[in-house]
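Report on the structure
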Amino acid sequence: MELELRGVTKRFGTLVANDHIDLVVSPGEIHCLLGENGAGKSTLMNVLYGLLRPDEGEILLDGEPTHFGGPGEAMQAGIGMVHQHFMLVPVFTVAENVMLGHEQVRGPGLLDLEASREQVRTISERFGFHVDPDALVEDIPVGVQQRVEIIKALARQAKVLILDEPTAVLTPQETDELIEIMRQLKESGTAIVFITHKLREVRAIADRITVIRRGAVVGQAKPTDSETDLASMMVGREVSLTVDKSVSEPGEPTFSVTDLVITDARGHRVVDGVSFQVHQGEILALAGVQGNGQTELTEAILGLRDNIAGSIRLDGAELVNRTAKQVLEAGVGYVPEDRTTDGLVASFSVAENLVLDLHDKPPYASGLSYRPAVVRAEAEKLVKEFDVRTESVERAAGTLSGGNQQKVVLARELSRPLKLFVASQPTRGLDVGSVEFVHSRLVRERDEGIPVLIVSTELDEVLALADRIAVMYRGKIVGIVPGGTSRDVLGLMMAGVSEDEAMAQAQAQPEASPAGARASTQGGQP
Amino acid sequence: MTATTERPSPSQGGDADAKPARRGPTVGPAAQIGLSIVLALAVGAVLIVASDEDVRETARYFFSRPGDTLAAAWRSVSGAYAELFQGAVVNFGADSFAQAIRPLTETLVAATPLIAAGLAVALAFRAGLFNIGAEGQIIVAAAVAAYVGFAWDLPVVVHLLVAIAAGALGGALWGGIAGLLKARTGAHEVITTIMLNFVARFGVAFALSTSVFLREGRNDPISPEVAPTATLPLLLGSQFRLHAGLLLSLAAAVFVWWLLSRSTIGFQFRAVGANPDAARTAGISVERSYTGVMLVAGGLAGLAGVSLVLGTEGYLTGGVSAGLGFDAITVALLGRGSPLGTVLAGLLFGGLRAGGVAMQAGTGTPIDLVLVLQALIVLFIAAPPLVRAVFRIRTSGAVGVGQISKGWNG
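Everything quoted here is computed from the prediction, not taken from an experiment. (Residues numbered from 1 in each chain as written. Chains lettered and ligands numbered in written order. Predicted model: local features only at pLDDT ≥ 70, side-chain atom pairs only at ≥ 80, totals over all residues.)

**Focus on the overall build of chain A**
Per the secondary structure count, chain A includes 19 helices and 24 strands. Relative to the compact-globule value of 24 Å for 526 residues, chain A shows a C-alpha radius of gyration of 24 Å, a close match. When its C-alpha atoms are laid out on the principal axes, chain A stretches across 70 × 55 × 50 Å. Looking at chain A residue by residue over its 526 residues, the buried ones come to 49%. (Helix = DSSP H or I, 4+ residues; strand = E, 2+ residues; numbered from the N terminus. Rg over C-alpha atoms; globule rule 2.2 N^0.38 Å. Buried ≥ 20, exposed ≤ 12 C-beta atoms within 10 Å, placed from the backbone.)

Right, dumping it as structure tokens:
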């Protein structure tokens with residue numbers, strides 16, 4: 001089935017999210033939709049999936065103009081979508097999830113679970129998914145959950161499969177497996193729309209690439225184009241993908257975490273005996289797939305967590321059991337993982353956000369009195385220094401783009417003297433231009449002799465920045481390796497394989513993971 | 001790289017002019033509130049017409065002489081609203097100037113506790129808390145202030161100041177309990193404040209049955225008169241009931257404005273209200289803010305109770321608050337959680353209360369209509385699409401009832 005979008009336009013108020021977009025997806029083809037966050041990719045797919053109604057333009061299936069009233073109709077027409085956040089019921093089995101929404105019945109309203117099981121088995125075998133129809137979704141790894149989503153779509157006879165940022169939640173190995181699955185689906189005649197902003201994956205898999213910027217198609221690209229070319233097309237100007245950074249000159253290990261154990265509300269040990277040190281003038285990256293204890297670890301450093309055992313020391317002073325205010329006052333700069341929930345007060349002005357932590361200290365306050373004029377003046381300076389694009393410091397921070405929001409957070413955290421800088425997912429959801437800026441600031445802090453701890457799930461970022469890399473898996477540190485370690489080794493370690501074994505495996509089977517291997521030879525190591 | 005067709009990127013706002021407006025003019029928040037009031041008055045008119053004897057009488061021969069019905073309807077509506085206005089602002093038919101402006105002073109008397117209590121709710125809103133407990137805080141404050149007023153014997157001025165402070169402190173403690181419970185145990189403030197309302201109401205009712213509070217020689221629950229030394233002075237002489245409580249309420253409004261926009265504590269309250277996670281991450285103690293804001297809010301509601309017993313009433317009864325703490329919620333919603341807005345909303349509702357009495361006396365339209373009007377105004381403000389649809393307008397900027405009342409799910 002050939003799918004065509006012709007002149008699709010979607011507006012939200014005055015914002016044009018999609019501006020006359022044309023797109024053709026043919027059977028047996030992987031069509032990559034490349035664009036930065038906020039470029040309008042997801043809006044376009046939601047239009048296609050019937051979740052949003054286009055203001056202009058039409059959708060054609062095999063040349064026939066079609067109109068979807070909702071996802072149900074889109075599914076009926078053979079369009080399947082795997083959302084970035086899975087739409088699965090955790091306490092249901094795989095088979096139950098697959099039949100959810102189009103349950104088959106037998107006799108007087110009895111669920112025909114066996115039919116669904118059989119379906120899962122058939123599809124699973126055909127594409128080598130290795131999915132057990134009777135496993136509970138909450139018990140299976142994220143990568144397998146994603147395959148369940150794909151099975152769901154295939155079980156509904158999807159001819160066009162939309163994958164929205166599918167690799168965001170996967171380990172590098174799982175990503176390779178997904179790419180393999182996509183190849184098989186393609187060979188079986190499925191048309192695939194692959195939405196991403198990760199250049200490496202695009203080049204590994206795409207047959208055709210359409211680049212979207214600010215809601216409009218800016219052009220087609222070939223998978224053979226270089227990453228730098230793709231990036232500049234995506235951003236609209238020349239960008240440098242490598243971080244300009246000198247060899248680190250580590251000083252004293254002033255920050256240390258020793259035997260840290262964090263227990264969550266349900267009694268699970270989410271961080272289980274973690275120890276590491278960060279030296280002055282060094283960037284230590286905590287790599288790992290999302291949800292392996294990194295979030296809890298950084299929250300514990302800032303004093304936002306209860307039930308902590310072990311020790312966190314900065315310049316010899318214990319940070320455990322101190323309040324967030326005391327930790328900040330001890331000289332810790334902290335960029336939280338999720339800037340919209342933890343980093344900024346969206347309805348506050350940029351100026352107010354810039355002093356969120358310092359609002360009660362001179363010169364911003366004298367006694368109980370808060371001094372908006374001083375805050376504004378200081379904000380003007382910071383906005384200039386950090387190149388925050390806003391028409392006024394009085395604008396609500398929530399109205400800024402993600403990149404500019406992150407710059408506000410960075411500006412705030414770097415505006416006081418620091419002894420440690422902790423940044424969690426510092427560039428998540430940022431455009432390439434902002435990533436450049438954030439990375440260079442992080443390196444600058446390091447060069448000023450501050451210990452820098454970065455938590456990132458993106459291997460590219462880890463490799464670009466880290467002087468040393470600590471890999472976390474299930475609350476433990478699998479190993480601490482030097483900055484230039486290969487992707488394959490890191491990928492295996494992120495899946496829990498020990499350092500030595502990962503080294504051995506990676507050397508033994510250099511061809512085992514095609515995309516990973518290719519990327520590590522061509523890829524952006526600093 | 002293949003053909004990069006460079007297109008002018010669509011500006012994020014440029015298309016606004018090109019696109020024809022689908023619906024009429026765009027209207028700001030203040031006008032939205034005005035239109036909500038108009039709409040509420042229109043619905044109120046229907047109720048007046050429906051409840052009017054004359055109209056029903058003439059409606060029986062509506063099809064032979066529809067003019068009669070329409071005339072009667074117009075008479076009843078215009079009569080009721082004219083009385084409402086005259087009872088709230090200026091009595092045009094009065095013999096003397098004093099009589100003419102009496103309604104205005106009565107409006108101010110009614111508005112005095114509404115403003116103070118409205119501020120109590122509005123301030124809590126800004127910190128993300130839904131303070132349903134103004135009623136209880138008023139009652140406790142009234143009881144404490146009344147006790148200090150009639151039982152203690154202190155010099156002039158000092159007695160009044162001590163009584164005011166004691167009342168405000170009583171309200172503050174009552175509010176602070178809910179704040180502390182929220183901070184320490186996570187108990188939802190809506191639940192705890194409602195429960196504390198019951199405790200306050202029946203606790204004071206009980207106290208009024210004991211010899212401590214009961215007026216000598218009386219069996220019904222009424223306290224002794226507050227001593228003259230502890231009474232709020234009248235502002236316009238003995239002809240009018242207007243007392244210095246109004247100044248207290250206005251001073252409270254100025255204080256809340258300062259607190260919210262010019263103090264570090266208010267900054268913390270607002271940050272916690274808008275995003276507790278970000279506030280916590282920036283080192284602000286969310287727990288302390290919850291307790292603190294409820295202490296201050298309780299104190300503000302306490303001022304309402306103080307105004308009632310030391311000013312308007314002069315003694316304590318079981319029904320001293322009479323649901324004022326709940327009207328305060330609508331006042332705060334109407335005032336969008338801002339101090340100035342709350343003052344204006346308090347004046348409007350005070351006017352409706354004072355005018356309602358005159359309306360009932362003058363035209364027989366039940367005073368309950370006023371409560372319906374109050375409720376409808378807030379209802380229309382809470383549902384902007386309704387107002388938009390009726391007046392065919394577009395709105396800019398949320399009026400914000402939904403936004404400031406998000407404390408429900410916190």
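**Notes on the overall build of chain B**
Helix and strand counts for chain B stand at 17 helices and 2 strands. Along the longest, intermediate and shortest principal axes, the C-alpha atoms of chain B span 95 × 75 × 35 Å. Looking at chain B as a whole, 50% of its 410 residues are labelled buried. Taking the contacts inside chain B whose residues are at least 6 apart along the sequence as the reference set, 74% of them involve residues at least 24 apart. (Contact = placed C-beta atoms within 7 Å.)

**Description of helix 17 (residues 487-494) of chain A**
Residues and elements named next belong to chain A. Here helix 17 lies mainly inside the structure; 8 of its 8 residues are buried. Inspection of helix 17 places Arg487, Asp488, Val489, Leu490, Gly491, Leu492, Met493 and Met494 among the buried residues, and these make up the whole buried set. Immediately beyond the C-terminal end of helix 17, within one or two residues, lies Gly496, with a positive phi of roughly 100 degrees.

**Description of the interface of chain A and chain B**
Taken together, the contact pairs 39 residues of chain A with 27 residues of chain B. Listing elements by their share of the side of chain A that touches chain B, those giving two or more residues are strand 2 (15-25), strand 12 (216-221), helix 8 (227-235), helix 10 (324-329), helix 11 (339-343) and strand 20 (369-370) of chain A. Class assignment of the residues belonging to the side of chain A that touches chain B gives a composition of 20 nonpolar, 9 polar and 10 charged. (Nonpolar A, V, L, I, M, F, W, Y, C, P; charged D, E, K, R; others polar.)

**Observations regarding the sheet that holds strand 21 (residues 420-424) of chain A**
Residue and element names in this part refer to chain A. The 6 strands are arranged 18-21-22-15-23-24 in an open sheet whose pairing can be described as mixed. In this open sheet, the two strands that pair with only one neighbour each are strand 18 (332-335) and strand 24 (476-482). Averaged over neighbouring strand pairs, the angle between their axes works out to 15 degrees when direction is ignored. Sitting on the sheet, helix 15 (residues 432-447) is in contact with strand 15 (283-287), strand 21 and strand 22 (452-456), with an inclination near 150 degrees to strand 22. (Pairing = 2+ DSSP bridges. Axes fitted to C-alpha atoms, helices over the stretch in contact; angles between N-to-C directions.)

**Observations concerning the pairing of strand 12 of chain A**
Residues and elements named next belong to chain A. In the sheet, strand 11 (residues 208-213) pairs with strand 12 via 5 bridges, with the strands oriented antiparallel. Residue Ile212 lies in a different strand from strand 12, and its bridge partner there is Val217. Here strand 11 folds back onto strand 12, and the loop between the two strands holds 2 residues, one of which, Arg214, carries a positive phi near 45 degrees.

**Thoughts on the packing of helix 7 (residues 158-185) of chain B against helix 12 (residues 286-312) of chain B**
The relative placement of two packed helices comes down to the angle between their axes together with the axis-to-axis distance. Residue and element names in this part refer to chain B. With their axes 6 Å apart at the nearest point, helix 7 and helix 12 run at an angle of 145 degrees to one another. At the point where helix 7 passes helix 12, the crossing takes the right-handed sense. Across the contact of helix 7 with helix 12, the residue classes tally to 18 nonpolar, 11 polar and 2 charged. (Left-handed = near helix turned anticlockwise from the far one by under 90°.)

**Some thoughts on the environment of Leu386(B)**
Here Leu386(B) shows up in helix 16 (residues 384-391). For the pair formed by Leu386(B) and Ser36(B), sequence separation is 350 residues and the distance between their alpha carbons is 9.3 Å.

**A look at the nonpolar core**
Residue and element names in this part refer to chain B. One finds Ala120 and Ala145 to be the most contacted residues of the largest nonpolar core, which totals 276 residues. The leading source of residues in this core is helix 5 (residues 97-126), at 15 residues. Once residues within four sequence positions are removed from consideration, Ala120 is found in contact with Asn131, Ala134, Gln137, Ala297, Gly298, Leu300, Ala301 and Ala328. (Core = buried A, V, L, I, M, F, W, Y, C linked by C-beta atoms within 7 Å.)

**What to know about the sheet that holds strand 2 of chain A**
Residues and elements named next belong to chain A. Strand order in the open sheet formed by 4 strands is 2-1-4-5, with antiparallel pairing between adjacent strands. Whereas interior strands pair on both sides, the edge strands pair on one side only; in this sheet they are strand 2 and strand 5 (64-66). Neighbour to neighbour, the strand axes of the sheet diverge by 30 degrees on average, direction disregarded. By the bridge criterion, 5 bridges tie strand 1 (residues 3-12) to strand 4 (residues 56-61) in an arrangement that is antiparallel. Its bridge partner lying in strand 4, Leu5 is registered against Ile59.

**Focus on the pairing of strand 15 of chain A**
Residues and elements named next belong to chain A. Burial runs high along strand 15: 5 of the 5 residues are buried. Burial of strand 15 is two-sided: the residues Ile283, Ala285 and Ala287 facing one way and the residues Leu284 and Leu286 facing the other way are all buried. In this structure, strand 15 lies alongside strand 22, joined through 5 bridges in parallel fashion. What sits directly across from Ala287, in strand 22, is Ser456.

**Structural notes on the environment of Gln425(A)**
All names here are of chain A. With respect to the helices and strands, the residue Gln425 is situated in the loop between strand 21 and helix 15. Sequence separation between Gln425 and His197 is 228 residues; the distance between their C-alpha atoms is 16 Å. Among all residues touching Gln425, those that are not within four sequence positions of it are Glu337, Val455, Ser456 and Thr457.

**Considering the environment of Leu181(B)**
Residues and elements named next belong to chain B. Relative to the helices and strands, Leu181 is located in helix 7. Remark: the alpha-carbon pair of Leu181 and Gly364, spanning 183 residues in sequence, is separated by 47 Å. If sequence neighbours within four positions are ignored, Leu181 has contacts with Ala187 and Thr192.

**Focus: the packing of helix 4 (residues 66-88) of chain B against helix 14 (residues 339-363) of chain B**
Residues and elements named next belong to chain B. Axis separation between helix 4 and helix 14 bottoms out at 7 Å; the angle between their running directions is 130 degrees. The angle between helix 4 and helix 14 places the two elements in the oblique class. With respect to the hand of their crossing, helix 4 and helix 14 are arranged in right-handed fashion. Between helix 4 and helix 14, the contacting residues are Gly79, Ala80, Glu83, Leu84, Phe85, Gln86, Gly87 and Ala88 on the first element and Gly351, Leu352, Ala354, Gly355, Gly356, Val357, Ala358, Met359, Gly362 and Thr363 on the second. Taken together, the residues that form the contact of helix 4 with helix 14 break down as 9 nonpolar, 8 polar and 1 charged. (Parallel < 35°, antiparallel > 145°, perpendicular 65-115°, else oblique.)

**A word on helix 4 (residues 113-127) of chain A**
Residues and elements named next belong to chain A. Between the first and last C-alpha of helix 4 there are 21 Å, a value that for 15 residues agrees with the 21 Å anticipated at 1.5 Å per step. Residues of helix 4 that are buried: Ser116, Val120 and Ile123. Around the axis of helix 4, the buried residues are gathered within 75 degrees of arc, so they sit on the same side. Residues Glu114, Glu125 and Arg126 are exposed on helix 4 and point more than 90 degrees away from its buried face. Looking at the buried side of helix 4, the elements it contacts are helix 3 (94-99) and helix 5 (142-155). Following helix 4 by one or two positions, Gly128 adopts a phi angle in the positive range, close to 65 degrees. (Expected span 1.5 Å × (residues − 1). Arc of directions from axis to C-beta.)

**Describing unusual backbone geometry**
Residue and element names in this part refer to chain A. With an omega of 0 degrees, the peptide bond running from Pro362 to Pro363 counts as cis. Structurally, Pro363 is set in the loop between helix 12 (350-354) and strand 19 (365-366). Positive phi, normally seen in glycine, also occurs at Arg214, with a value near 45 degrees. Here Arg214 lies in the loop between strand 11 and strand 12. Overall, the presence of 20 C-beta atoms within 10 Å leaves Arg214 in the buried class.

**Focus on the confidence of the model for chain A**
Of the residues in chain A, 97% reach a pLDDT of 70 or more, and the chain-wide mean stands at 88. Here residues 511-526 of chain A is modelled with pLDDT under 50, and outside its nearest four sequence neighbours on either side it reaches 36 contacts, counting other chains as well. (pLDDT = per-residue confidence, 0-100.)

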